[in-house]
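What the coordinates show
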Amino acid sequence: MSHDLSQLGWDESLVSAYRPYDRSDATAGRVLRADRGVCTVLGSDGVTRASLGGNVLLKAAKDPALLPCAGDWVVLRHWPDRRTTIEAVLPRRTCLLRRTSDKDSTGQVLAANMDTVAVVEPIHPEPDDARIERLLALAWESGARPLLVLTKADMSPTPEAISRQIAAIAPGVPVVAVSARLALGVEQLRAYAGKGRTLALLGRSGAGKSTLVNALAGTPVMPVQQIRDVDGKGRHTTAYRNLVLVPGGGAVLDTPGIRGVGLLDTADGLARAFADVTELAARCRFDDCRHETEPACAVALAVADGSLAPRRLASWRKLRHEIEVESARQSARLAGTAGHRRRRS
Ligand SMILES: Nc1nc2c(ncn2[C@@H]2O[C@H](COP(=O)(O)OP(=O)(O)OP(=O)(O)O)[C@@H](O)[C@H]2O)c(=O)[nH]1
Ligand SMILES: [Zn+2]
């Protein structure tokens with residue numbers, strides 16, 4: 001079956017990035033799914049399973065974030081013995097990173113080349129403000145446009161009121177309330193996965209991501225977990241992420257139900273997710289104000305006069321602390337590697 005890759009966002013700038021790799025046994029494709037060492041790739045002549053080529057392995061050994069992931073545009077090489085390998089990952093325009101473990105501060109890429117990252121949070125039981133803020137920082141950090149999707153709108157008597165309330169913690173981010181069960185808001189969401197565009201879904205396990213993917217794809221392509229609606233707690237079911245084609249449009253990318261999403265170097269994402277705090281901070285007397293006990297701190301004043309919620313500031317402080325700890329850890333790691341190299345040479 002032949003596929004028009006422009007539906008998935010293949011454009012002039014990707015053609016240029018591909019040019020240096022162009023040869024008779026090479027083709028371009030987009031990774032639908034990445035498993036350990038093997039990727040499912042959609043090219044213009046259909047779906048292929050491809051293993052990782054030497055160059056890709058070499059780069060990934062230095063930085064695991066360079067391993068191909070769902071959403072990546074890659075260069076495929078077709079060998080005479082019918083094997084297919086991924087020879088290169090074309091430069092990513094956007095990517096969602098997550099810290100893999102506490103010991104080792106490297107990142108794992110969850111998704112690449114999405115135009116929009118939807119933070120998916122159920123309306124029922126009550127949306128978790130702190131989680132939304134954290135995921136929005138991650139979404140901003142990705143370089144894509146963030147969107148906030150409140151799922152299971154059918155389970156709340158007042159979804160519009162809740163959406164309006166939550167918009168306050170998502171400055172500059174469109175909020176869409178959806179119900180897959182009632183097919184409410186799904187069309188609005190579809191616009192973000194239109195021709196040439198990719199929408200990634202980011203949210204906790206059980207938030208309703210797979211259900212949304214299925215609604216957008218028009219067929220059940222992702223397993224949906226059976227959970228007790230009483231407590232809304234989901235079990236962890238989606239262990240892999242998939243890029244799924246949206247009929248007549250682009251693609252939607254499901255990320256695994258995330259428990260502990262670490263933030264990696266998200267000072268910029270934090271500043272954008274908390275644009276209200278950032279704006280206030282610009283008015284503090286001291287450029288390096290920490291908004292703690294400094295005089296003429298515009299942030300503290302805003303809390304005092306009620307225009308900034310104390311919870312919001314506490315949330316911002318918590319994330320800032322995390323980023324500081326993380327960047328200290330990264331510096332230590334880099335210093336450690338440098339020392340190691342010195343000793344060896
Ligand atoms: N009432 C209601 N329930 C929904 C809706 N969307 C999803 N659910 C239910 O919520 C549960 C979790 O949905 P999933 O789509 O599996 O959630 P997920 O975010 O993909 O979870 P992981 O796969 O663990 O990441 C399932 O029992 C769904 O039936 C909705 O619009 N309304
Ligand atoms: Zn201040």
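Analysis parameters
Residues numbered from 1 in each chain as written. Chains lettered and ligands numbered in written order. Predicted model: local features only at pLDDT ≥ 70, side-chain atom pairs only at ≥ 80, totals over all residues. Pairing = 2+ DSSP bridges. Helix = DSSP H or I, 4+ residues; strand = E, 2+ residues; numbered from the N terminus. Axes fitted to C-alpha atoms, helices over the stretch in contact; angles between N-to-C directions. Domains from an automatic or database assignment. Contact = placed C-beta atoms within 7 Å. UniProt positions renumbered as here; feature names shortened; annotations may be inferred. Buried ≥ 20, exposed ≤ 12 C-beta atoms within 10 Å, placed from the backbone. Expected span 1.5 Å × (residues − 1). Core = buried A, V, L, I, M, F, W, Y, C linked by C-beta atoms within 7 Å.

Attention now moves to the sheet that holds strand β12 (residues 242-245). Reading across the sheet, the 6 strands line up as β10-β9-β8-β11-β13-β12 and stay open at both edges, with mixed pairing between neighbours. The open sheet has two edge strands, β10 (175-177) and β12, and neither has a second partner. Across the sheet, the mean angle separating the axes of adjacent strands is 25° when strand polarity is ignored. Relative to strand β9 (residues 145-151), strand β8 (residues 116-122) runs parallel, the two sharing 7 bridges.

Let us now look at the domain arrangement of the chain. Each assigned domain of the chain is listed here: domain 1 (5-91), domain 2 (96-254) and domain 3 (267-344). Facing the 17 residues of domain 1 at the interface are 21 residues of domain 2. At 5 residues, strand β1 (residues 26-35) tops the list of elements feeding residues into the side of domain 1 that touches domain 2.

Here, UniProt's "binding site: Zn(2+)" (unreviewed entry) annotation points to Cys284, Cys289, His291 and Cys297. Mapped onto the secondary structure, Cys289 falls in the loop between α8 (275-281) and α9 (298-304). A residue is classified by how many C-beta atoms lie within 10 Å of it, and Cys289, with 20 of them, is buried. Sequence-distant contacts of Cys289, that is, excluding residues within four places in its chain, are made with Ala281, Cys284, Glu294 and Cys297. With respect to the secondary-structure elements, His291 resides in the loop between α8 and α9. With residues near it in sequence (within four places) discarded, His291 still touches Ala281, Cys284, Cys297, Val299 and Ala300.

Here the focus is helix α3 (residues 129-141). In this model, α3 (13 residues) spans 18 Å end to end at C-alpha, consistent with the 18 Å of a helix rising 1.5 Å per residue. Where burial is concerned, most of α3 is hidden: 10 out of the 13 residues are buried. Listed in full, the buried residues belonging to α3 are Ile132, Glu133, Arg134, Leu135, Leu136, Ala137, Leu138, Ala139, Trp140 and Glu141. Just downstream of α3, Gly143 is the residue with a positive phi angle, here 95°.

We now examine the environment of Thr158. Here Thr158 is to be found in the loop between β9 and α4 (159-167). Separated by 35 residues in the primary sequence, Thr158 and Ile123 place their C-alpha atoms 9.6 Å from one another.

Moving on: the nonpolar core. Most often, soluble globular proteins have nonpolar side chains that are buried together. Judged by nonpolar contacts, the single largest core of 83 residues is most densely connected at Val119 and Leu202. Looking at which element gives the most residues to this core, the answer is α3, with 7 residues. Once you skip the residues sitting within four places of it in the chain, Leu202 turns out to touch Leu96, Val117, Ala118, Val119, Val120, Leu135, Leu138, Ala139 and Thr255.

For strand β11 (residues 198-203), the buried fraction is high: 6 of the 6 residues fall into the buried class. Going residue by residue along β11, you find Thr198, Ala200 and Leu202 tucked away on one face and Leu199, Leu201 and Gly203 tucked away on the opposite face as well. Here β8 pairs with β11 via 5 bridges, running parallel. Residue pairing for β11: Thr116 is matched across the bridge by Leu199.

Here we take up unusual backbone geometry. In this structure, Pro125 follows His124 across a cis peptide bond, with omega equal to -10°. Its place among the elements puts Pro125 in the loop between β8 and α3. For Lys152, which is not a glycine, the phi torsion comes out positive at approximately 60°. Of note in this structure, Ala183 is not a glycine but carries a positive phi near 55°.

Turning to the pairing of β12, a few remarks are in order. Both β12 and strand β13 (residues 251-254) contribute to a ladder of 4 bridges, which runs antiparallel. Bridge assignment links Leu243 to a residue of β13, and that residue is Leu253. Between β12 and β13, which follow one another and run antiparallel, lie 5 residues, and Gly248 among them has a positive phi close to 75°.

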